[in-house]
Amino acid sequence: MQLHDVWFVLIAVLWTGYFFLEGFDFGIGIHTKLLARDRQEKRVLINTIGPVWDGNEVWLISAAGATFAAFPDWYATLFSGFYLPLLLILVCLIVRGVAFEYRHKRTEENWQRNWENAIFWASLLPAVLWGVLFGNLVHGVKIDAHKEYVGSVLDLLNPYAVLGGLVTLTLFTFHGAVFASLKTTGDIRERARRTAAVLGVLTLVPVTGFLGWTQADKGDGTSLIVMIVAVVALVAALGANKLGREGWAFAFSGITVVAAVAMLFLTLFPNVMPSTLNESWSLTVGNASSSPYTLKIITWCAGFATPLVMLYQGWTYWVFRKRIGTQHIADAH
Amino acid sequence: MELALAPETLARWQFGITTVYHFLFVPLTISLAALVAGLETAWVRTGKEKYLKATKFWGKLFLINIAMGVVTGIVQEFQFGMNWSAYSRFVGDVFGAPLAFEALIAFFFESTFIGLWIFGWDKLPKKIHCFCMWMVSIGTLLSAYFILAANSWMQHPVGYKYNAANGRAELTDFWKVLTQDTTLVVAFHTLTAAFLTGAAFMVGIAAFHLMRKKHIKVMRTSLRLGLITLVIAGILTAVSGDSLGKVMFKQQPMKMAAAEALWDKEQPAPFSVFAYGDVDKGHNTVAIEIPGLLSFLAHSDFRSPVPGINDVNKSEQQKFGPGDYRPNIPVAYWGFRWMIGFGMSSFAIGLAGLWLTRKKFWLAPGLRTGDEEPPQLALTKNKVLGARLSKWYWSLAFVTLGFPLIANSWGWIFTEMGRQPWVVYGVLRTSDAVSPGVSQGEVLTSMIVFTALYAILAVVEVKLLVKYIKAGPQELTDSDLNPPTKIGGDSTDADRPMAFSY
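These numbers come from a predicted model, not from an experiment.

Whenever I open this one, the pairing of strand 3 (residues 271-278) of chain B confuses me. Can you help?
Remember that side chains alternate between the two faces of the sheet whenever the strand is regular. Residues and elements named next belong to chain B. With 7 bridges connecting them, strand 3 and strand 4 (residues 283-290) associate as antiparallel partners. Each bridged residue has a counterpart across the sheet, and for Asp278 the counterpart in strand 4 is His283. As consecutive antiparallel partners, strand 3 and strand 4 are separated by 4 residues, and within that stretch Gly282 has a phi angle of approximately 75°, a positive value.

Any chance you could explain helix 9 (residues 221-243) of chain A here in plain terms?
What sets the pattern is the α-helix's 3.6 residues per turn: residues three or four places apart point alike. Residues and elements named next belong to chain A. Taking 1.5 Å of rise per residue, the 23 residues of helix 9 would be expected to cover 33 Å, and the 33 Å separating its terminal C-alpha atoms lies within 8% of that figure. Tucked into the core, helix 9 has its buried residues touching helix 7 (159-183), helix 8 (187-218) and helix 10 (246-268). Between the side-chain oxygen of the N-cap and the backbone nitrogen of Thr222 there are 3.2 Å, and the N-cap of helix 9 in question is Asp220. At the exit of helix 9 stands Gly244, carrying a positive phi of roughly 80°.

Would you take a moment to explain the environment of Met133(B) for this structure?
All names here are of chain B. Here Met133 shows up in helix 4 (residues 126-155). Its relative accessible area of 0% is what places Met133 among the buried residues. Once the C-alpha coordinates of Met133 and Thr41 are considered, the two residues, 92 residues apart in sequence, prove to be 9.5 Å apart. With sequence-adjacent residues up to four places away left out, Met133 is seen in contact with Ala33, Val36, Ala37, Glu40, Phe62 and Trp117.

What is the right way to read the interface of chain A and chain B from this model?
Bring the parts together and some accessible area is lost; that lost area is often taken as the interface size. With 76 residues of chain A at the interface, the matching set in chain B holds 80 residues. Together, the buried faces of chain A and chain B total about 7000 Å²; carbon and sulfur atoms form 71% of this surface. Summed over the three residues of chain A that lose the most area to chain B, namely Phe68(A), Tyr83(A) and Lys105(A), the buried surface amounts to 11% of that side. At the junction of chain A with chain B, the criterion picks out 2 salt bridges. Glu148(A) serves as the salt-bridge partner of Arg89(B), at 3.2 Å between the closest nitrogen and oxygen. Taken together, chain A and chain B are joined by 26 residue pairs in polar contact (both at pLDDT 80 or more). Looking at the side of chain A that touches chain B, the elements that each hand over two or more residues are helix 2 (39-49), helix 3 (53-70), helix 4 (72-81), helix 5 (83-102), helix 6 (109-139) and helix 11 (292-319) of chain A. Here the side of chain A that touches chain B is composed, by residue class, of 45 nonpolar, 19 polar and 12 charged.

Conventions we followed
- Residues numbered from 1 in each chain as written.
- Chains lettered and ligands numbered in written order.
- Predicted model: local features only at pLDDT ≥ 70, side-chain atom pairs only at ≥ 80, totals over all residues.
- Heavy atoms only, no water.
- Pairing = 2+ DSSP bridges.
- Helix = DSSP H or I, 4+ residues; strand = E, 2+ residues; numbered from the N terminus.
- Expected span 1.5 Å × (residues − 1).
- Contact = heavy atoms within 4.5 Å.
- Polar contact = N/O pair within 3.5 Å; in protein donor to acceptor, adjacent residues only side chain to side chain.
- Buried < 20%, exposed > 50% of the residue type's maximum accessible area, 1.4 Å probe, protein only.
- Buried area = accessible area lost by both parts, 1.4 Å probe.
- Salt bridge = Lys/Arg side-chain N within 4 Å of Asp/Glu carboxyl O.
- Nonpolar A, V, L, I, M, F, W, Y, C, P; charged D, E, K, R; others polar.

Following this line, the structure appears as C-alpha cells:
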C-alpha cells in the first residue's frame, strides 16, 4: 500500500467522520421545524448539539485541508468544478454557525424567529447538496485533459446525483431524529422516537435504490458486502428504535452513514474524480497526489493528531452525556 | 469595463474582501482568548469575584468574535480551490501541508475546547474549565502560526524545488518552511499586533464604563490588564515590525521601495513622510523626507544605499523577462503609513494611560479611590481639573478602541498587494493562478453574495457587541460561584436548569 493510498483512506475517514457527526447535527437543525412544537422544544434540540457542532464541522475543514495537501489536483478540480453548490454550502455553513451563537443573544421574538428559520434552511440545504456533490463525485463528471471541469451547473443535476441528495437528506434527518431521542427526555423524546420510526422507513427506499444503483454501476464483492451492512444497519436501527433501545438505534444509524460513505469511496478507488469524457483523463490517487515527501510529513501529523482528536472529542461527548429536557432550559431566553 | 470585471480582478477583490473581513475577527479572537484564560486563572487562584465577572464579560465578547472568525475562515480555505485552482495545483504540495497541520492540530483544539468552555460551566470543575480556555488559546496561536508559515512561503518561497515534469512546486524541506526567518518574524509581528488589538479593545471598553462610573471594580482590573498588555504588545509590535522591515528589504526590495515611494537608488536613503507622485513617469512631484532614516531602517546604519522602484523593476525584467513588476504604489505607500500610524497612536494612548494610572497617582494610598468609587486619574492634585482631564482620557481611549483593527487591515493590504504581480514571489504570477474553468458570472455571483452577507453580518455583530458592552458584566449566581467538583456535574441535579444554554 502506497502513501497516496493511505491518504485516500484517511480522507475517506475524515469525510465519513464529518457525515456521521454533522449528519445528526444537520438532522437536528431540520427537526427544529419537523419535531419541535414550540420555542422551548426548539431550544432543547439546539442545545443537544450546542457543545459539539463546532467540533463536528472541523471534520469538514480537515477533509478539505487534507485534500489540498495530499491531492492538490483533486482539491483544485473539485472546488473549482463544483463552484456554485459549494458557494451555497458555504453560505449555509456561515449563516448556520452564526445563527447558533447569536439566536439567544437577544430576546426579541423577531430576532429569534429569523435565526431559527436560518438554522432550519441552513441545515436542510447542505444535507441535500452534499449528497448531490458526492453523487457526482462517484459517478464522474466532464473533466478534460488538463484536469479541469468543463461541464455546467446543470450537468450536476443528473438523476443519480439527485437521488444521492435525497439519500443524504433522509438519512441525516433520520440520524438526527434518533440522536434527538437519545439526548432528550420527556415528551419530546417520545415524539422523536415516533418520528424516527416513520423517517426510517422513508429513508430505506432511497438508500437501497442509490446504493443498489452504485453497486450495479461500479460495484464489486467488497462493495456489495458494505452495501448489505448499510441496509441491514438501517433496518436494525429501526428495530432498536421500536424497542426503545436509543443508544443502539443511534449506533446503527451511524453505521448506516459510515457504510454508505465507505461504499462510495470503495467504488471510487483508485479514481478520485472519474472523467466521463475520457477514462484516461480521470483523476486518480496516482496522478492527483502530492510528492512522497509531503505525504510523509502529513502522515506523521495525521498519525499523531487523529487519535488525539478522537480522544478529546470523545471526552466531550462523555462530559455532556446527560439528556436534556424542557425543564433544563432556563426561561430567560 | 471589460478589464475591470475580468475573473482575475474579481477573484482578487474577493480574496481581499474575505481576508480583510476575516482578519477583523482573528486578532481579537487570538488576544481575547489568552486574556480571558488569564482572567479565569486569576479567579481559580484567588477566588476573587471580580475576576470571574471579568472572565464572563470578556468571554462573551470573545465568543461573539470567534463565531464570525470561524465561519469566515471556512471561506478562506475553500476559495483557494474555488477561485485559484491553478494556484492550488501549482503550490498544493507545499502550501497544503501547513494548512493540513492547521486543520488537524489547531482547529480541532479550538473548536472542541470552545464547546467545552461555553457549555461546561456546570459540568466541569473550575480548574478543568480554565484548562479548556488555555487549550482554546493555544489552538488560536498554533492556527495563526501555521497559516502565517503558509503565507510567508508565498512571500519568500524556500524549502521547495520546481518539478518540470508535472509543472509544480514540490516540498523538499518542511522544517525550513516552518522556521525560515520570514515565518518567524511575520508570526512575531502578527501576534504582537493581535495583542495590541485586543488590549486596545479592552482598554476602550473599560474606559467607557469608568467614564459612566459603572462596574468599577471589574473595569479597573480590566483597564490595568489592558493597559499593561497594550504597552508591552505595542513595544514588541514596533520591534518586530522593524525586523520584518529589514527582512523585507532583503527579500522583497520592490515592496519596500514601493512602501517608501523611493523611485531611484539613493545613498543615503531618506525616509518619506509625505509623497505625491506620478506612477507613469516614475517620480514624486511632492516629497517631504527625513534624510538617512530609510538607510537605517533597512541596514541599521545611516549611509547604506537602498535600491528604488525603477532599479528593482529593471533587475526583475532582466531576471523574469519583459513586463511591469511594480505593485500599486499609492496603495503600498499609504497602506504602510496607515498601518504604522494607527497602530502606534493606539500604543501612545496606552502608554499615556499606564502613566496616568500608575501607583504614585491613581493607585497611591493618599489619592486612591476605593474599590467601588469612581476612579479619578490624578493628572494633577487639583480635584476639579483632574476629573475633567480623566474624562478626556476615557473618551479618547474609547473612541480609539478600533484603531489597531484599521492598522491590521492596512498591514495585510500592504503585505499582499505589495507582492503583486506575484502570488508566490518570483515564482508564480497572480494572473497565472486563477481558476481557468470558473466563469466571470460565477465569481461575480459569489463576490456579490459574500459581500452582501458580510455586510449584513457586520451590522448584526456590531449591534450585538454594543448591546453586550453596554450591559457590562452580569451579577453572579450561586451556581457561578460554586462550580461542580466532579466532571459531568453532580448526580443530584438531574432536573436543574443548565448554567448555559442557547
